[in-house]
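Single-letter residue listing:
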Amino acid sequence: MASTAFVCAEPEGDALPPSLQNLLDQDSLKWIFVGGKGGVGKTTTSCSLAIQLAAVRESVLLISTDPAHNLSDAFSQKFGKEASKVNGFTNLFAMEIDPSASMQDMVESGDDSGMNGMMQDLAFAIPGIDEAMGFAEVMKHVKSMQFSAIVFDTAPTGHTLRFLSFPSVLEKALGKLSGLSGRFGPMLNQIGSMMGGGLNTGEMFEKLESMREVVTEVNAQFKNPDLTTFVPVMISEFLSLYETERLIQELTQYQIDVHDIVVNQLLYPENDSQCKHCKVRWNQQQKYLKEAYELYGEDFHIVRMPLLSQEVRGTDALKKFSKLLIEPYKAGQVVDLSASS
């Protein structure tokens, strides 16, 4: 059987470098979101990017906002709702949070914020406000921490788009609720007195106004390309490419900067390979990789990451794999992720 020459699709014209070095060089970046379709390697990419950022920044925080958290599995280290230092680093921290659960925790905490009873029902009458206010609580918590850069390992695309729309949604909703303070505050206080004084609308509206200020600031920062960018992650298949295009279109509507794409799990067969399955998969990948270049090659840094025979898990493996985001992988290159290498 004649051998097949596996020639990879390449961008045409003056393409941008296939590297995320541009993100490391952009010192002003504060918020970096990593997202895409489920199963494309978002967590591995976000962990790898955070590791590279930690090498050039004073401090980096990696946050998972996906309810199905994977950071603990990726680093083989347990993370929770508080930022913890990642083993093997002095300036890289990680945490796993759920914005929806954050709101529920706030409601059940029993504090005197007024987020209970009738006012809780009033706030939750706005569709999606519970998740959005959970987002506000998360952002208040994150903003109180002093980190040079924050990397978000996000949920699959649909959830991520909702997450990114929360600042605008919440800014409008809280503005409306705050506007109720002058019109209905005295009446609600009177009702609260009749019910035994359990409803403190003054503190309630103060908390809402505080949230609104935070969200307004975050919303402005998310739309500032000097401060925020989004890195879509995909694999070279039709559905993933289609969803990436939809994601980029939505991000453009939200005015969120995006100029990098990571293509994961690419095959690089040997030229004398006799594997029929590999050849079929390689041809398929090259087809959609070519389409990706046609769509984004002139305006995006497209980073090609290989499918390796070893699992990318643990700090040592992630450190080695992360280098490929900066120094492009080449066919035939040996990448040994074992701890002893």
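As the structure is a computational prediction, the values presented were derived from the model and not from experiment. (Residues numbered from 1 in each chain as written. Predicted model: local features only at pLDDT ≥ 70, side-chain atom pairs only at ≥ 80, totals over all residues. Heavy atoms only, no water.)

## Some words on the packing of aromatic side chains
Geometrically, a pair of aromatic rings is defined through the distance of the ring centres and the angle of the planes.
For step 1, the next point in the chain: With the rule as written, the count across this model stands at 11 aromatic pairs.
For step 2, the next point in the chain: For the ring pair Trp31 and Phe222, a centre distance of 5.7 Å and an interplane angle of 80 degrees mean the geometry is edge-to-face. With Trp31 in strand β1 (residues 31-36) and Phe222 in helix α8 (residues 201-222), this residue pair connects regions lying 191 residues apart in the sequence. No difference in accessibility class separates Trp31 from Phe222, as the two residues are buried.
For step 3, the next point in the chain: Judged by centre distance (6.1 Å) and plane angle (85 degrees), the rings of Phe75 and Phe79 are edge-to-face. This pair shows no difference in class: Phe75 is buried, exactly as Phe79 is. (Phe/Tyr/Trp six-rings, centres within 6.5 Å; stacked < 30°, edge-to-face > 60°. Helix = DSSP H or I, 4+ residues; strand = E, 2+ residues; numbered from the N terminus. Buried < 20%, exposed > 50% of the residue type's maximum accessible area, 1.4 Å probe, protein only.)

## Concerning the nonpolar core
For step 1, the next point in the chain: Core analysis: the biggest nonpolar cluster contains 80 residues, and Phe75 and Leu92 have the highest contact counts within it.
For step 2, the next point in the chain: The dominant element in this core, judged by the number of residues it contributes, is helix α2 (residues 42-54), at 6 residues. (Core = buried A, V, L, I, M, F, W, Y, C linked by side-chain atoms within 4.5 Å.)

## Points about the packing of helix α9 (residues 238-253) against helix α10 (residues 276-296)
For step 1, the next point in the chain: It is at 10 Å that the axes of α9 and α10 come closest, and there the two elements cross at 15 degrees. Relative to α10, the element α9 is oriented roughly parallel. Two packed elements cross with a definite hand, and for α9 against α10 that hand is right-handed. Facing Phe238, Leu241, Thr244, Glu245 and Ile248 of α9, the residues of α10 in contact are Tyr288, Glu291, Ala292, Leu295 and Tyr296.
For step 2, the next point in the chain: When the residues that make up the contact of α9 with α10 are grouped by side-chain class, the tally is 7 nonpolar, 1 polar and 2 charged. (Axes fitted to C-alpha atoms, helices over the stretch in contact; angles between N-to-C directions. Parallel < 35°, antiparallel > 145°, perpendicular 65-115°, else oblique. Left-handed = near helix turned anticlockwise from the far one by under 90°. Contact = heavy atoms within 4.5 Å. Nonpolar A, V, L, I, M, F, W, Y, C, P; charged D, E, K, R; others polar.)

## Comments concerning the sheet that holds strand β7 (residues 260-266)
The strands that make up a sheet pair up through hydrogen bonds in the backbone, lying either parallel or antiparallel.
For step 1, the next point in the chain: Reading across the sheet, the 8 strands line up as β3-β4-β2-β5-β1-β6-β7-β8 and stay open at both edges, with mixed pairing between neighbours. Each edge of the sheet is formed by a strand with only one pairing partner; in this case those strands are β3 (84-85) and β8 (301-306).
For step 2, the next point in the chain: Bridge count for β1 against strand β6 (residues 228-235) is 6 bridges, and the pairing is parallel. Of the residues in β6, the one forming a bridge with Trp31 is Thr228.
For step 3, the next point in the chain: Along the sheet, α2 contacts β1, β2 (60-64), β4 (92-96), β5 (149-153), β6 and β7; its crossing angle with β1, the most-contacted strand, is approximately 155 degrees. (Pairing = 2+ DSSP bridges.)

## A short note on the UniProt feature "binding site: Zn(2+)" (unreviewed entry) in the protein chain
For step 1, the next point in the chain: As annotated by UniProt and renumbered to match this structure, "binding site: Zn(2+)" (unreviewed entry) occupies Cys275 and Cys278.
For step 2, the next point in the chain: Positionally, Cys275 belongs in the loop between β7 and α10.
For step 3, the next point in the chain: For Cys275, a relative accessible area of 29% corresponds to the partly exposed category.
For step 4, the next point in the chain: Mapped onto the fold, Cys278 is located in helix α10. (UniProt positions renumbered as here; feature names shortened; annotations may be inferred.)

## Here we look at helix α11 (residues 315-322)
For step 1, the next point in the chain: If you check which residues of α11 are buried, you get Thr315, Ala317, Leu318, Phe321 and Ser322. Taken end-on, α11 shows its buried residues confined to a sector of 160 degrees, consistent with a single buried face.
For step 2, the next point in the chain: Where the residues of α11 are buried, they touch α2, α3 (71-75) and β8. (Arc of directions from axis to C-beta.)

## Quick look at a nonpolar patch on the surface
For step 1, the next point in the chain: Judged by side-chain polarity, Phe238, Leu239 and Tyr242 come together as a nonpolar surface patch covering roughly 350 Å² of accessible area.
For step 2, the next point in the chain: With respect to the helices and strands, Phe238 occurs in helix α9. (Patch = residues over 30% accessible without salt bridge, like charges linked within 9 Å, V, L, I, M, F, W, Y side chains within 5 Å. Areas by Shrake-Rupley, 256 points an atom, 1.4 Å probe, with all protein chains shown as cover. Salt bridge = Lys/Arg side-chain N within 4 Å of Asp/Glu carboxyl O.)

## What about α9?
For step 1, the next point in the chain: Helix length check: α9 (16 residues) gives 23 Å between terminal C-alpha atoms against 22 Å at 1.5 Å per residue, within 8%.
For step 2, the next point in the chain: With its phi angle positive at about 65 degrees, Gln255 sits one or two positions after the end of α9. (Expected span 1.5 Å × (residues − 1).)

## Some points on the pattern of salt bridges
For step 1, the next point in the chain: For the structure on display, the rule yields 2 salt bridges.
For step 2, the next point in the chain: With a closest N to O distance of 3.2 Å, Arg281 and Glu237 form a salt bridge. Here Glu237 lies in the loop between β6 and α9 and Arg281 lies in helix α10, a separation of 44 residues in the sequence.
For step 3, the next point in the chain: Among the ionic pairs, Lys290 bridges to Glu294, the shortest N-O distance being 2.8 Å. Remark: Glu294 and Lys290 occur in helix α10; sequence separation between them is 4 residues, near one turn of the helix.
For step 4, the next point in the chain: Since its relative accessible area comes to 58%, Glu294 is described here as exposed.

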